[in-house]
Amino acid sequence: VYVAHAALIAEAKFGQIQGYRNAVLLTLGTGVGGGILINGELYQGQNQMAGHFGHTCINPTDDELSIVGMPGSLEYAIGNYSIQRRSVGRFQSTIDLVKAYNENDSFATWLWLDLVRKLSLAIASLANSFSPEIIVLAGGITRAGDSLLRPLLQFMSIYEYRPNNKITELKLARFSDLSGAIGAAAFAFTKAKMN
């Protein structure tokens, strides 16, 4: 979760969250992490652990437990660590899955769109719970670009509650899977200047 907090700092200082006061960031990669910006400040909660969005339950009938014991977690549903199991050994990584999806492979299309649909359920739940101005996605899975964003926005139009046609902005991070490193460097630089 600390890498996700650093990613949020990077995007708030230099990236897609610049100028926003209330935002949510999700890191999508081996697992799923996140961060919350409230009134321009990183919210860390008790024990500095806020943002463990990967352990959100999206399918309680799924027996697979996350590392914190949550059944049917978002992290299992979309994380790169579980792609071999979810694809019955057909894909070694999410990159392989996206490549096959872009080549119109039927199984890859089903698996990828199922993954994106589950992600949209979690994002819509975050939008409904926190009502942020923007939600930003970072991490290696975001390298899928439009192959991720296009179906994700379509699913969001189904699941997000949009009173008065108010739509939560959804963007890919400016720094993709480097957001965490950039945020950590910015944090260290700020601390060094204070001393």
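Here, every reference points to the structure presented above.
In this convention, every chain numbers its residues from 1, walking through the sequence in written order. Per-residue local features are limited, in this predicted model, to residues with pLDDT of at least 70; the limit for side-chain atom pairs, both in listing and counting, is 80 or more; totals at the level of whole chains, interfaces and linings are taken over all residues. With hydrogens and water excluded, all non-hydrogen atoms of the structure serve as input to the side-chain values.

Side note on the environment of D62
Here is the rule: Labels follow the DSSP assignment, with helices taken as runs of H or I lasting at least four residues and strands as runs of E lasting at least two, numbered in each case from the N terminus. We call two residues in contact when some of their heavy atoms are within 4.5 Å. N or O atoms closer than or at 3.5 Å make up a polar contact, with two conditions inside protein: a donor-capable atom paired with an acceptor-capable one, and, for residues adjacent in sequence, both atoms drawn from side chains.
Relative to the elements of secondary structure, D62 occurs in the loop between β3 (41–43) and α2 (74–78). Sequence spacing of D62 and A77 is 15 residues, and the spatial spacing of their C-alpha atoms is 9.7 Å. Once residues within four sequence positions are removed from consideration, D62 is found in contact with P71, G72 and Y76. In this structure the side chain of D62 is engaged in a polar contact, spanning 2.9 Å, whose partner is the backbone nitrogen of E64.

Digging into helix α6 (residues 146–159)
As a reminder, the rule being used: Under the convention used throughout, the expected extent of a helix is 1.5 Å for every residue step, that is, one less than its residue count. Remark: exposure states derive from per-residue accessible area (1.4 Å probe, protein chains only) relative to the maximum for the residue type, with buried under 20%, exposed over 50%, and partly exposed in between.
The end-to-end C-alpha distance of α6 is 19 Å, a good match for the 20 Å that 14 residues give at a rise of 1.5 Å each. Taken as a whole, α6 has its buried residues at S147, L148, L149, P151, L152, F155 and M156.

Focus: the pattern of salt bridges
In plain terms, the rule: The salt bridge criterion pairs a side-chain nitrogen of Lys or Arg with a carboxyl oxygen of Asp or Glu, the two atoms within 4 Å.
One pass over the full model with this rule turns up six salt bridges. E103 serves as the salt-bridge partner of K99, at 3.6 Å between the closest nitrogen and oxygen. The exposure class of K99 is exposed, given its relative accessible area of 52%. Judged by relative accessible area, which is 54%, E103 ranks as exposed.

Some details on the nonpolar core
Counted only if it meets this: Nonpolar core, defined: a set of buried Ala, Val, Leu, Ile, Met, Phe, Trp, Tyr and Cys residues in which side-chain atoms within 4.5 Å join the residues together.
Ranked by internal contacts, the top residues of the largest apolar core, which has 38 residues, are L26, W112, I123 and L137. When residues of this core are traced back to their parent elements, those giving at least two are β1 (23–28), β2 (32–38), α2, α4 (94–102), α5 (106–130), β4 (134–138), α6 and β5 (169–172). Among the elements that line this core, the one with the most residues is α5, at 11 residues. Other than its neighbours up to four places away in sequence, W112 contacts T94, L97, V98, Y101, I141, A144, S147, L148 and P151. Counting 10 residues, the second largest nonpolar core, distinct from the first, contains I17, L25, L37 and A138.

The analysis is restricted to geometry; functional conclusions fall outside its scope.
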